[in-house]
Structures are given as C-alpha cells and as structure tokens.
Amino acid sequence: MKTSKNLIYSLILAVVTLALLFFLEVNKAKYGMAYTVLTKGIILAVVAVSMNLVTGFTGLFSLGQAGFMAIGAYVTAIFLIPTNSIEEVYYMSGVSPAILTFKTWLESTPLWFQSLLPYIALTAGGLVAALFAALIGIPVLRLKSDYLAIATLGFSEIMRAIISSPQMDTITNGSYGLKKIQGFSSLIQVFLIAAVCITFMILLIRSTYGRAFKAIREDEIAAEAMGINLFKHKSLSFIIGSFFAAVSGGMLAMFMRSIDAKTFTVSLTYDILLIVVVGGIGSITGSILSSLLVTASKEWWLRFFDSPLYIGSFQVPLFKTGFRMVIFSVVLLLIVLFYQRGLMGRNEFSWDGLAKAFNKLKSKSSNKGGSKIA
Amino acid sequence: MTLSTLFQHILTGISLGGAYALIAIGYTMVYGILRLINFAHGDIFMMAGYFMIFAMVSLPWQIAIPLVCIITVILGVVIERVAYKPLRSAPRMSIMISAIAISYLLQNLATYLFTALPRAFPEIPFLKKIFQIGNVSSSLVTFITPILTIILVVGLMFLINHTKIGMAMRAVSKDFETAQLMGIRINNVISATFAIGSFLAAVGAILYFTDRMSVTPFSGMLPGLKCFVAAVLGGIGSIPGAMVGGFVIGLCETILVAMGYSTFSDAFTFTLLIIILLFRPTGLFGEKIIDKV
C-alpha cells in the first residue's frame with residue numbers, strides 16, 4: 001500500500017519534471033538563465049555522482065575528475081566537430097591526418113549511425129577515460145588515501161599539460177582549444193543522458209559490487225578478510241567513476257560548444273568536491289540536489305556578489321569580481337568544520353523521509369521553546 | 001651542450017631545488033606530526049609572494065623581508081587554528097577536505113583581492129646583482145638560495161634535536177596520544193610546526209619569485225604539489241630527506257626543460273611520485289611504518 005503510494009508520488013514528480021522541461025524548451029528565450037543553469041547543473045550532477053561513487057561509497061579520495069573530464073571532452077569534441085568546418089577549427093597548426101581520415105570515414109557511415117553520433121561520442125570519451133583510469137589505477141590504487149589524492153591530482157594536471165602542449169597541436173589544437181562542437185538538441189536530451197548515467201550508478205551501488213565498495217570504505221582490512229578482492233573492486237569503482245566523469249566532460253563540451261585546456265584546471269575538481277560535500281558524502285540524491293543548487297547559486301542567484309552594488313548612492317563594499325567564489329570557498333570550509341553531513345548526510349531522498357522531516361518541522365514549530373529534540 | 005651551459009643549468013637547477021627544499025620541509029613537518037597533506041601550503045607560499053609585493057611598495061627590502069616572514073607565519077598559524085584544530089579527531093578525509101577548502105579559499109581570495117593577472121615581483125637590487133665565474137654568469141640569488149637552504153636546514157636540525165620544543169615535536173610525531181599524556185601541549189607544538197613551515201615557505205617564496213618575476217593566484221599550486229613529491233622522495237617526516245628531494249626534483253626539472261621537454265617536466269615529477277610509492281614508499285630517508293590492525 002505504502003510503496004504504491006510512493007510510486008505514484010515519484011511518477012507525479014517525473015511527469016512534473018518532464019512538463020517543466022517541455023515548458024522551458026518552448027520558452028527557451030524567455031527563461032534563458034533557468035535553461036542554462038538546469039543544463040549545467042544536471043551535467044555537473046553526473047560527475048558529482050561519479051565522484052561520490054569513488055570517494056563517498058568506496059572511500060578512495062580521488063581528485064582526478066578534471067583530468068578525466070578533459071579526456072571525455074576532447075574525445076567527444078573530435079567526434080562532434082562537423083567535418084566541413086574541421087579545417088577552420090584547426091586553422092593554426094593544421095589537423096592531424098588520422099583525425100581527417102577518421103572524420104571522412106564517419107561521413108561515409110549510414111545516416112542512422114550519424115544520428116546516434118552524440119551518444120557514440122560520449123560513450124567513446126568515457127571508454128578512453130576508463131582505459132586511462134585502468135592503466136593509472138594499477139599503480140595508483142595501491143596507495144594509501146592521501147597519497148592517492150596527490151597522485152590523482154597530479155594525473156589531472158599532467159593531462160592538462162599534455163593537452164595544451166605543442167606536441168599535441170594537431171589533435172587538441174593546443175591552447176586555442178576546439179570550437180564549433182555540435183550541441184544538444186534539447187534540454188530533455190541532456191536530462192535523459194544524465195538520468196541513464198545516474199541510474200546506472202545507483203543500480204551499481206545497490207548491487208553486490210556496491211556493498212563491497214561500502215565494505216571497503218568502512219574498513220579495508222576487514223573487507224579483505226571477508227574475502228573481498230580489494231584491488232578488483234577499487235579499480236572497478238575507479239574505472240566506472242572515471243567513465244562517467246568523462247561522459248560528463250563530453251556533455252560539458254557539447255553544452256559549451258567550445259573547450260580549451262584551461263576549463264579543466266584543478267579548480268574544476270574543487271568545484272565538484274564542493275558539490276559533493278554540500279550534498280553529503282555518500283548520498284546520490286544529495287549530490288544531484290546540491291549540484292543543481294550550487295550551480296544555480298553560482299551562475300544565477302549569487303551573481304550579484306560579483307558586480308558593484310549600490311543602495312541609493314551608497315556603494316556596498318566588498319562586492320566586486322571574485323567575491324562570489326570567496327563566499328563559496330568559505331561555505332565549503334564552514335560545512336567541513338561544522339556540518340559535515342551536508343544536505344543529506346549518507347541518506348537518500350525518499351518520500352517517507354520527506355514526510356518525516358516535514359512532521360519534525362511541524363512538531364518543532366508547534367511546541368516552540370518546548371521539549372528538547374535530540 | 002657545452003660544459004659551461006651544462007654548468008649554468010645545474011646551477012639554476014640547484015637554485016630552484018633550494019626553493020623547493022624550503023617548501024618541502026613545511027610539508028614533511030606537518031605530515032610527520034598530523035599525518036595530513038597540507039594542501040594549502042603551496043598557497044601560503046603564493047600569499048607570501050603577494051605580501052612581498054605589497055611590502056616592497058613602501059618599505060626597503062631589509063624591513064620588508066622580515067615583515068613578510070612574520071605575516072606569513074601568522075597566516076600559517078591562523079589557518080591551523082581555524083581549519084585543522086577543530087578536526088583533530090575527525091576522519092582523515094574531513095581534514096583533507098578542510099585543507100583543500102583552505103587552498104581553494106586562498107586562491108579565490110587572491111583572485112578577488114589582487115585579480116588573476118600576473119603581478120610583477122619587485123626587484124631586490126642586492127639579490128639581482130650579476131656574478132660571473134669563468135663563462136658562467138648568474139644573479140646572486142642563484143648562489144644564495146642553496147647556501148641559505150643548507151644553513152636553514154642545519155639550524156632546523158639543531159632546533160629539532162637539541163631544544164625542548166624540538167624534542168616535543170619528535171615526541172608528537174612518534175605518538176600523538178602518548179605525547180599528550182606525557183604533558184606535552186600538542187596544540188602549541190603543532191602551531192610551532194606550522195610557524196616554522198610557513199616561515200620557510202616565506203623565505204622560499206622570496207627566493208623563488210625573485211627568479212620568476214611575477215606572481216599569480218595559481219602560482220603556488222604546481223610548486224606546492226612538486227614539493228610534496230620532493231618530501232615523499234626524501235621520506236616523509238625526514239627534514240634532510242625533504243632537502244635532498246627538493247634538490248633532486250629542482251635539478252631534474254631544470255635539466256628536462258633545458259633538453260626541450262618543458263611540458264613533460266611536470267609529468268616527470270608525478271611519475272616519480274608513483275614510482276617511489278610503489279617501490280620505496282618510505283622514501284630515501286624515511287622510517288618504516290607498519291599498519292597495525
């Protein structure tokens with residue numbers, strides 16, 4: 001009885017979301033900001049969930065997200081730059097013959113294949129990143145937690161250095177970046193891709209593998225004693241996490257239409273870490289919620305911090321370019337210091353949980369200053 | 001490559017290595033005591049560079065340098081008190097995230113206060129004097145850096161091995177809880193560690209940026225990571241090890257750049273990190289640590 005009620009609620013939510021997306025799609029011009037924020041938010045939600053899978057559920061503190069996103073973005077971009085404008089994109093240093101033959105081969109494929117190209121491109125980006133993750137995972141995953149963080153951070157910086165190096169000019173276009181990338185057809189497409197990715201990760205976490213990940217997170221040695229193959233499960237989590245980080249990077253490339261190596265600095269990894277920490281380390285729904293929330297605050301609601309603010313003729317001090325990011329870093333610090341569970345802690349969103357929270361709020365306001373609530 | 005250019009590169013490498021060594025000591029000392037990678041250390045180093053720029057605007061270098069050292073020390077100690085002290089008993093990951101938050105904050109604060117554009121580092125005429133030995137010419141800072149590094153390391157070794165606070169530091173790094181039970185005020189010891197680390201970072205920053213000539217909010221990032229690798233190479237917790245590690249990485253990097261592989265010099269550092277951790281996780285001079293269940 002109860003479960004069917006919850007199912008109905010979930011269906012209603014899905015229908016409302018879809019209706020909202022359709023509404024936004026139709027009135028794109030009017031609600032440009034909401035459109036952009038939703039797109040970027042849901043793209044970052046994919047990478048935030050993937051980071052949560054690795055960091056929150058497996059306990060591997062990996063800081064390589066930006067590097068894997070860069071791989072995904074560049075592979076996707078090379079797939080999706082229209083063949084007739086490829087010379088134009090690589091105007092500085094010429095295009096590598098391998099890419100040129102690859103693009104002409106893509107041109108000759110049947111039409112149904114070409115219409116699936118965005119999906120194929122994203123998957124290919126993910127697979128390349130997964131391959132990299134598997135290779136660097138062999139040495140790196142044997143390291144202890146904090147060394148792992150430094151090694152993956154180092155990997156991400158190396159990736160960026162290699163992408164912008166002159167030796168790679170004919171493939172990555174060096175510091176000029178890649179432009180004219182084919183974008184998404186609609187907001188619904190973005191949401192569907194993200195939903196598929198996130199659902200896959202949720203199913204993974206609920207499977208036997210997911211339970212093994214959590215066991216490793218709680219106590220490596222105990223997990224090993226219980227017969228869990230540490231290296232196998234750690235690499236699995238790391239590889240899948242990197243795959244989806246790269247898919248998200250590819251989606252970011254499709255969203256921004258042009259990318260360069262500067263997009264994928266360590267700051268990007270820190271931004272994602274901020275999302276994961278705000279949402280709660282170990283909560284998928286927390287990551288999704290906080291990704292939308294953080295992106296909306298960053299790109300939209302808190303924009304005013306960055307421009308001088310006048311009340312009458314009085315200029316409010318402190319408000320100028322960069323103040324917004326200072327506030328975000330302070331928020332991250334405050335959450336780590338005083339409210340480590342973030343929005344959701346390790347809980348997942350559920351209708352029962354919502355009802356409980358609602359009741360708690362109600363009882364709190366009904367006996368104000370009354371009984372202590374533990 | 002002629003002999004004199006080779007010599008020139010080696011000299012530059014040793015000088016860079018000296019600055020790296022000074023930063024690496026900060027990492028190694030903090031890690032030795034708190035088992036924490038102080039992600040913010042590279043950014044403290046960057047802030048010291050900015051402090052120097054502003055101090056030199058109105059002050060002569062003789063006053064500016066000690067002033068910058070003092071401000072940096074205060075910054076380091078305040079960071080420890082605010083961001084690390086409340087998390088003493090928290091899980092390891094929380095402290096690391098806190099360190100990252102501080103690093104993120106310092107970078108964003110620097111971008112906010114000083115903009116992201118590179119700022120010219122003031123010239124200290126005394127350090128920029130050109131010296132000539134045979135065919136090799138170099139500014140004084142290149143010669144001073146390694147010498148100063150060695151003097152500071154010897155002084156620090158004396159402090160650690162022969163003074164009371166040094167003994168307390170050694171005790172805390174051996175066993176945190178027992179040291180506390182023996183009546184050592186660990187918070188003071190940890191603050192002292194951060195003070196020393198930040199002081200050395202300030203000295204390192206002045207020497208490093210005199211050679212580089214400009215500071216950006218992100219110029220502490222990569223040197224910071226490299227110096228951590230240097231500390232690991234030398235054996236984390238070992239001060240002479242950190243010094244040797246700094247010199248080795250500075251030399252290797254300069255030689256790689258001289259050979260034309262400048263983009264891969266960073267990659268080299270991290271490859272080195274992985275190799276060390278796989279084959280000799282305790283580094284060159286580190287003690288063996290056994291994980292107890």
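No experiment lies behind these values; they were computed from the predicted model shown.

Basis of the calculations
- Residues numbered from 1 in each chain as written.
- Chains lettered and ligands numbered in written order.
- Predicted model: local features only at pLDDT ≥ 70, side-chain atom pairs only at ≥ 80, totals over all residues.
- Heavy atoms only, no water.
- Salt bridge = Lys/Arg side-chain N within 4 Å of Asp/Glu carboxyl O.
- Helix = DSSP H or I, 4+ residues; strand = E, 2+ residues; numbered from the N terminus.
- Buried < 20%, exposed > 50% of the residue type's maximum accessible area, 1.4 Å probe, protein only.
- Expected span 1.5 Å × (residues − 1).
- pLDDT = per-residue confidence, 0-100.
- Pairing = 2+ DSSP bridges.
- Contact = heavy atoms within 4.5 Å.
- Buried area = accessible area lost by both parts, 1.4 Å probe.
- Polar contact = N/O pair within 3.5 Å; in protein donor to acceptor, adjacent residues only side chain to side chain.
- Nonpolar A, V, L, I, M, F, W, Y, C, P; charged D, E, K, R; others polar.
- Axes fitted to C-alpha atoms, helices over the stretch in contact; angles between N-to-C directions.
- Parallel < 35°, antiparallel > 145°, perpendicular 65-115°, else oblique.
- Left-handed = near helix turned anticlockwise from the far one by under 90°.
- Patch = residues over 30% accessible without salt bridge, like charges linked within 9 Å, V, L, I, M, F, W, Y side chains within 5 Å.
- Areas by Shrake-Rupley, 256 points an atom, 1.4 Å probe, with all protein chains shown as cover.
- Phe/Tyr/Trp six-rings, centres within 6.5 Å; stacked < 30°, edge-to-face > 60°.
- Lys NZ or Arg CZ within 6 Å of the ring centre and 35° of its normal.

### Description of the pattern of salt bridges
- Under the counting rule described, the total for this entry stands at 9 salt bridges over all chains.
- Among the salt bridges present, the one from Glu220(A) reaches Lys234(A), with a minimum N-O distance of 3.1 Å. Here the residue Glu220(A) occupies a position in helix α12 (residues 220-225), and Lys234(A) occupies one in helix α13 (residues 230-256), the gap between them amounting to 14 residues.
- The exposure class assigned to Glu220(A) is partly exposed, which follows from its relative accessible area of 33%.
- The salt bridge partner of Arg88(B) is Glu80(B), with a shortest N-O separation of 2.1 Å.
- Three or more residues are tied together by salt bridges with common partners; here these are Glu80(B), Arg81(B) and Arg88(B).

### Brief notes about unusual backbone geometry
- Despite not being glycine, Arg257(A) has its phi angle at roughly 70°, a positive value.
- The phi dihedral of Met213(B) is positive, around 75°, even though this residue is not glycine.
- Along the chain, the position of Met213(B) falls in the loop between α9 (186-212) and β4 (214-215).
- The exposure class of Met213(B) is partly exposed, given its relative accessible area of 44%.

### Structural notes on helix α4 (residues 92-114) of chain B
All names here are of chain B.
- The end-to-end C-alpha separation of α4 is 33 Å, in line with the 33 Å expected for 23 residues at 1.5 Å each.
- For α4, the tally of buried residues reaches 19 of 23 residues, placing the bulk of the element in the interior.
- Where α4 ends, the next residue or the one after it, Thr-115, has phi of about 60°, a positive value.

### Notes on the confidence of the model for chain B
- In the predicted model, chain B carries a mean pLDDT of 87, and 97% of its residues have values of at least 70.
- Across the assembled chains, the prediction reports ipTM 0.84 with pTM 0.87.

### A closer look at the pairing of strand β3 (residues 136-139) of chain B
All names here are of chain B.
- Both strand β2 (residues 130-133) and β3 contribute to a ladder of 4 bridges, which runs antiparallel. Counterpart to Ile-133 in the pairing with β3 is Val-136.
- Where β2 hands over to β3, the hairpin turn is made up of 2 residues, of which Gly-134 adopts a positive phi near 60°.

### Some words on the environment of Ala230(B)
All names here are of chain B.
- Secondary-structure assignment places Ala-230 in helix α10 (residues 221-234).
- What makes Ala-230 buried here is its relative accessible area of 0%.
- Here the alpha-carbon distance between Ala-230 and Ser-137, two residues 93 residues apart in the chain, equals 28 Å.
- If sequence neighbours within four positions are ignored, Ala-230 has contacts with Ala-24, Gly-241, Ala-242, Gly-245, Gly-246 and Ile-249.

### Comments concerning the interface of chain A and chain B
- Across the contact, 48 residues belong to chain A and 45 residues belong to chain B.
- For the pairing of chain A and chain B, the buried interface totals around 3900 Å² over both sides, and the portion due to carbon and sulfur atoms is 78%.
- When the buried surface of chain A facing chain B is broken down by residue, Tyr147(A), Ile150(A) and Tyr270(A) rank first, second and third, together holding 18% of it.
- The interface formed by chain A and chain B includes 0 salt bridges.
- In this assembly, chain A and chain B are joined by 4 residue pairs in polar contact (both at pLDDT 80 or more).
- Looking at the side of chain A that touches chain B, the elements that each hand over two or more residues are α7 (117-140), α8 (145-163), α14 (266-279) and α16 (323-338) of chain A.
- Ranked by residue count, the leading element in the side of chain A that touches chain B is α8(A), at 12 residues.
- Here the side of chain A that touches chain B is built from residues that sort into 30 nonpolar, 11 polar and 7 charged.

### Concerning helix α3 (residues 61-84) of chain B
- Given a rise of 1.5 Å per residue, 24 residues ought to cover 34 Å, and the 33 Å separating the end C-alpha atoms of α3(B) matches this to within 8%.
- Buried within α3(B) we find Ala64(B), Val68(B), Cys69(B), Thr72(B), Leu75(B), Gly76(B), Ile79(B), Glu80(B), Ala83(B) and Tyr84(B).
- Elements that come into contact with the buried residues of α3(B) comprise α16 of chain A together with α2 (41-58), α4 and α9 of chain B.

### Focus on the packing of α14(A) against α4(B)
- Contact pair α14(A) / α4(B): the axes reach a minimum separation of 11 Å and the direction vectors enclose 125°. Between α14(A) and α4(B), the interaxial angle falls into the category oblique. For the crossing formed where α14(A) meets α4(B), the hand is left-handed. Residues Ser267(A), Tyr270(A), Asp271(A), Leu273(A) and Val277(A) of α14(A) form the contact with α4(B), whose participating residues are Ile97(B), Ile100(B), Ser103(B), Tyr104(B) and Gln107(B).

### A few points about a nonpolar patch on the surface
Residue and element names in this part refer to chain A.
- A cluster of nonpolar side chains, namely Met-33, Leu-289, Leu-293, Trp-300, Trp-301 and Leu-343, defines an oily patch on the protein surface of about 570 Å² accessible area.
- Looking at the nonpolar patch, the element that brings in the most residues is helix α15 (residues 284-301), giving 4 residues.
- Looking at the secondary structure, you find Leu-343 in the loop between α16 and α17 (351-366).

### Quick look at the packing of aromatic side chains
- Overall, the coordinates contain 23 aromatic pairs over all chains when judged by the stated rule.
- Taking 5.3 Å as the distance between ring centres and 40° as the angle between the ring planes, the aromatic pair formed by Phe323(A) and Tyr112(B) counts as tilted. In this pair, Phe323(A) is assigned in helix α16 and Tyr112(B) in helix α4, connecting two distinct chains. Here Phe323(A) and Tyr112(B) have matching classes, each one buried.
- We note Arg142(A) situated over the ring of Phe231(A); from NZ or CZ to the ring centre the distance is 4.6 Å.
- A cation over an aromatic ring shows up here: Lys298(A) above the ring of Phe328(A), its NZ or CZ 5.5 Å from the ring centre.

### Section: the side chain of Asn108(B)
- Within the fold, Asn108(B) resides in helix α4.
- The exposure class assigned to Asn108(B) is buried, which follows from its relative accessible area of 10%.
- Ignoring anything within four residues of it in the chain, the contact list for Asn108(B) reads Met325(A), Val326(A) and Ser329(A).

### Here's the deal with the side chain of Gln107(B)
- Locating Gln107(B) in the fold gives a position in helix α4.
- Residue contacts for Gln107(B): discarding those within four places in its chain leaves Ser267(A), Asp43(B), Met46(B), Pro217(B), Phe218(B) and Met221(B).

### Some thoughts on the confidence of the model for chain A
- Across chain A, the average pLDDT comes to 85, with 95% of residues at 70 or higher.
- Within the model, the stretch residues 368-374 of chain A combines pLDDT values under 50 with 2 contacts to residues more than four positions away or in other chains.

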